[in-house]
Amino acid sequence: MTTIVSIDGKLVPPEGATISVFDRGFLYGDSVYEVVRTYQGRPFELGAHLDRLAHSAARIGLRLPWSREQLTRAVNDILEASGHGAQERESYLRIVVTRGSGEIGLDPSLAVEPRTILIARVLEQPAVEAYREGVTVALVGGREGLRRHVDPSAKTGNYLPNVLAVAEARERHAYEAVMVDERDRLTEGSSSNVFLVQFGIVRTPPLAVGILEGVTRRTVIEVCREAKIPVEEARLTTADLHSADEAFLTSSIREIVPITRVEDQPVGTGKVGDVTRAVQAAFRGRTGPPFGEPRF
């Protein structure tokens, strides 16, 4: 089966996966979620993702209906039911918890019972050219007010600022939007974290600028230190990106994608750099090879 869904522990095909139109996740984005991928059929950094799910739920006052053990068991069950591992294909897994349904109204106490939804499908990554040649990003700003309404450390279903950022990036023929705050500081991509390489040092914005702590971001910092690649958190501006020797994006699904252009300007030489390649290799040393040919 290509895609399978679990709703409150019941496995159903996609066409049978339904929730109420009164669910607050649908009405208000009142939900939290995580996206996990597998390597050799095993979920990568599942513990870190479940930790962040619990953190996100706590930040918006949402009670998780399942324990960590129950969530882990549900993840393993849906991955086994998907059959992707047996077919030597990796899985994309989305875990969603909504506050539940109830009388229409903004008051969270109107919700009756949280819902837990898991979606497993075959993993689709960017084209291999994105890793070999790099991608173009667009700088997008002006939505800080929208982003500040929700704690940036919480991964919630309230994603409209990111959706609009992607739409703007696509209008500029860019692969990803890199969001900039009112002080001209780099924050994060619409669904990724941003790293620059300056004078051989890998640098990424600190959490204090108001970004989500990406699981892959954390892993990249760890593997850089293990590989003796200089790495640090630093407040970065658009000028830093334009003058960087190299740059790359990180996310759970896309792993490490080189940035070789910022709109119509090249980053460094306009080609994927040696430090980025070293980080990709160090990261693959942590994950191990996926099913199929490694992309790095």
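Just so you know, these numbers come straight off a predicted model, no measurement behind them.

Rules of the game
- Residues numbered from 1 in each chain as written.
- Predicted model: local features only at pLDDT ≥ 70, side-chain atom pairs only at ≥ 80, totals over all residues.
- Heavy atoms only, no water.
- Pairing = 2+ DSSP bridges.
- Helix = DSSP H or I, 4+ residues; strand = E, 2+ residues; numbered from the N terminus.
- Contact = heavy atoms within 4.5 Å.
- Axes fitted to C-alpha atoms, helices over the stretch in contact; angles between N-to-C directions.
- Buried < 20%, exposed > 50% of the residue type's maximum accessible area, 1.4 Å probe, protein only.
- Salt bridge = Lys/Arg side-chain N within 4 Å of Asp/Glu carboxyl O.

Trainee: What should I look at first to understand the sheet that holds strand β3 (residues 31–39) in this one?
Mentor: Two pairing modes exist for strands in a sheet, parallel and antiparallel, and in both the strands are linked by backbone hydrogen bonds. Reading across the sheet, the six strands line up as β2-β1-β6-β5-β3-β4 and stay open at both edges, with antiparallel pairing between neighbours. The sheet is open, and its two borders are formed by β2 (10–12) and β4 (42–43), each paired with just one other strand. Two elements, strand β1 (residues 3–7) and strand β6 (residues 115–122), share five bridges in a ladder whose sense is antiparallel. Across the sheet, the residue bridging to V5 is I119, located in β6. The strands touched by helix α3 (residues 68–82) within the sheet are β1, β2, β3, β4, β5 (91–98) and β6, with β6 carrying the most contacts at an inclination of about 35°.

Trainee: Help me out: how do you make sense of the side chain of T219 in this one?
Mentor: Along the polypeptide, T219 turns up in helix α7 (residues 215–226). Assessed through its relative accessible area of 2%, T219 is described here as buried. With near-sequence residues (within four places) excluded, T219 lies in contact with F44, E45, F283 and R286.

Trainee: I would appreciate a short explanation of the pattern of salt bridges in the present structure.
Mentor: One side chain can pair with another of opposite charge once the charged atoms of both are near each other. All chains considered together, the criterion is met by 19 salt bridges. R286 is the partner of E226 in a salt bridge, and the nearest nitrogen-oxygen pair spans 2.8 Å. Highlighted residues: E226 in helix α7 and R286 in helix α9 (residues 274–287), separated in sequence by 60 residues. You can call E226 exposed: its relative accessible area is 56%. Note that E255 is salt-bridged to R284, the shortest N-O span being 3.0 Å. Placement of E255 in strand β14 (residues 255–262) and of R284 in helix α9 is noted, with a sequence separation of 29 residues between them. E255 sits in the buried class, given a relative accessible area of 1%.

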